Amino acid sequence: MQTYADYLIVISPPGNIMKEISRYKQISINTVGHFEGMYSSGQMIITHQIRCKPYLVQPAIEQMVNRLGTMPPIELHINGFSFFNHGHAAKTIYAVIERTDRTDNWFKLLQKQMGIRLKGFVPHIIIAKNLPIPCFNKLWPNFDGRPWSETFMVNHLTIFHRDTFVEYCEWRVYTELFFANRLKEMF
């Protein structure tokens with residue numbers, strides 16, 4: 001019996017964008033060596049929930065299925081690169097998801113429909129995570145001002161899960177939740 005599980009909810013861009021993210025990660029590895037998340041796929045993480053009781057999560061996910069079914073799909077635009085500061089010790093380089101009133105409102109609605117609150121959420125796709133400052137300073141000139149413009153359609157979320165206390169447990173797809181832009185039929 002599974003006692004606790006971790007859940008990861010993501011937006012997966014199409015294969016061509018994930019391939020480009022992998023290429024940028026490989027360039028980063030070649031420039032600064034190993035870093036956290038260097039082999040992770042190029043997905044946009046919405047939330048990461050740890051140590052959850054599966055019997056409590058399953059009904060919440062069922063509610064999300066109905067709620068997200070009323071949301072419209074959205075077109076997102078990648079527009080260059082930026083970085084997050086992690087105090088004075090590290091930085092994370094990411095692909096920028098262009099923010100507009102429409103995308104901001106869509107992500108607010110997504111949080112509401114999922115029943116979660118993500119304070120200060122910035123939609124992004126991680127390239128190189130938690131780089132020590134010397135590594136960041138060596139790598140950032142490769143991304144600073146580099147153009148990258150891609151558009152992709154988001155029509156579903158993917159939920160991954162893994163056992164919390166199993167060492168080296170891999171993430172497995174739990175389910176996909178689709179944005180159908182329809183109200184549930186009341187029959």
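Relevant structure appears above.
These numbers come from a predicted model, not from an experiment.

Procedures and definitions
Each chain has its residues counted from 1, following the order in which its sequence is written. Only residues with pLDDT of at least 70 get local features here, since the model is predicted, and only at 80 or more are side-chain atom pairs given and counted; chain-wide, interface and lining totals rely on the full set of residues. As a rule here, side-chain values cover all heavy atoms of the structure and leave hydrogens and water aside. Helical segments are the DSSP runs of H or I of at least four residues, strand segments are the runs of E of at least two, and each set is numbered from the N terminus. The size measure is the radius of gyration over C-alpha atoms, and the globule rule it meets is 2.2 Å times the number of residues to the 0.38 power. To sort residues, take the accessible area from a 1.4 Å probe on protein chains only and compare it with the maximum for the residue type: under 20% means buried, over 50% means exposed, and anything in between is partly exposed. Residues count as neighbours in contact if any of their non-hydrogen atoms are within 4.5 Å of one another. Surface exposure here means Shrake-Rupley accessible area, sampled with a 1.4 Å probe, where a residue is shielded only by the protein chains that are shown. Within this scheme the basic residues Lys and Arg register as positive and the acidic residues Asp and Glu register as negative, but His and the chain ends are omitted. For charged residues, the charge sits on one atom: NZ in Lys, CZ in Arg, CG in Asp, CD in Glu. Only strands that DSSP links by at least two bridges are regarded as paired with each other. Note on geometry: axes are C-alpha line fits, over the in-contact stretch for helices, and angles between N-to-C directions span 0 to 180 degrees. Any Phe, Tyr or Trp ring, taking Trp's six-membered ring, that has another such ring centre within 6.5 Å forms a pair; planes under 30 degrees apart are called stacked, those over 60 apart edge-to-face, and the others tilted. A ring is scored as having a charge over it whenever the NZ atom of a lysine or the CZ atom of an arginine sits within 6 Å of its centre and within 35 degrees of its normal.

Q: Which residues make up the overall build of the protein, and what are the values?
A: Looking only at helices and strands, the protein features 4 helices and 8 strands. For the protein, the α and β elements follow one another from N to C terminus as β-α-β-α-β-β-α-β-α-β-β-β. Since a compact globule built from 187 residues should have a radius of gyration of about 16 Å, the 18 Å found for the protein is in line with a globular shape. Referenced to the eigenvectors of the C-alpha coordinate spread, the extents of the protein come out at roughly 60 × 40 × 30 Å. The burial tally for the protein puts 41% of its 187 residues in the buried class. Sequence separation of 24 or more characterises 77% of the internal contacts of the protein that already satisfy a separation of 6 or more. Just so you have it, the protein exposes about 11,000 Å², and 53% of that area is on carbon and sulfur atoms. Counting 20 positive and 15 negative side-chain charges, the protein places the centres of these two groups 5 Å from one another.

Q: Could you give an account of the sheet that holds strand E2 (residues 44-52), naming the residues involved and the relevant values?
A: Spatial ordering of the open sheet is given by E2-E1-E7-E8, a layout of 4 strands whose pairing is antiparallel. Lying at the two open borders of the sheet, with one neighbouring strand each, are E2 and strand E8 (172-178). Across the sheet, the mean angle separating the axes of adjacent strands is 20 degrees when strand polarity is ignored. Of the strands in this sheet, strand E1 (5-11), E2, strand E7 (156-163) and E8 touch helix H2 (residues 54-68), which is tilted by about 30 degrees from E8. Each of E1, E2 and E7 is contacted by helix H3 (residues 101-114), which is oriented at about 20 degrees to E2, the strand it contacts most.

Q: Mind laying out the packing of aromatic side chains, listing which residues take part and the relevant values?
A: Under the defined criterion, the tally for this structure stands at 14 aromatic pairs. Ring geometry for Phe83 against Trp140: centres 5.0 Å apart, planes inclined by 75 degrees, an arrangement best described as edge-to-face. Residue Phe83 is located in strand E3 (residues 74-86), and its partner Trp140 is located in the loop between helix H4 (133-139) and strand E6 (149-154); the two are separated by 57 residues in the primary sequence. Since its relative accessible area comes to 28%, Phe83 is described here as partly exposed. Here Trp140 falls in the buried class, since its relative accessible area comes to 13%. By the ring-pair criterion, three or more aromatic residues cluster together here, those being Tyr24, Phe81, Phe143 and Trp148. Positioned above the aromatic ring of Tyr24 is the side chain of Arg23, whose terminal nitrogen or guanidinium carbon lies 5.0 Å from the ring centre.

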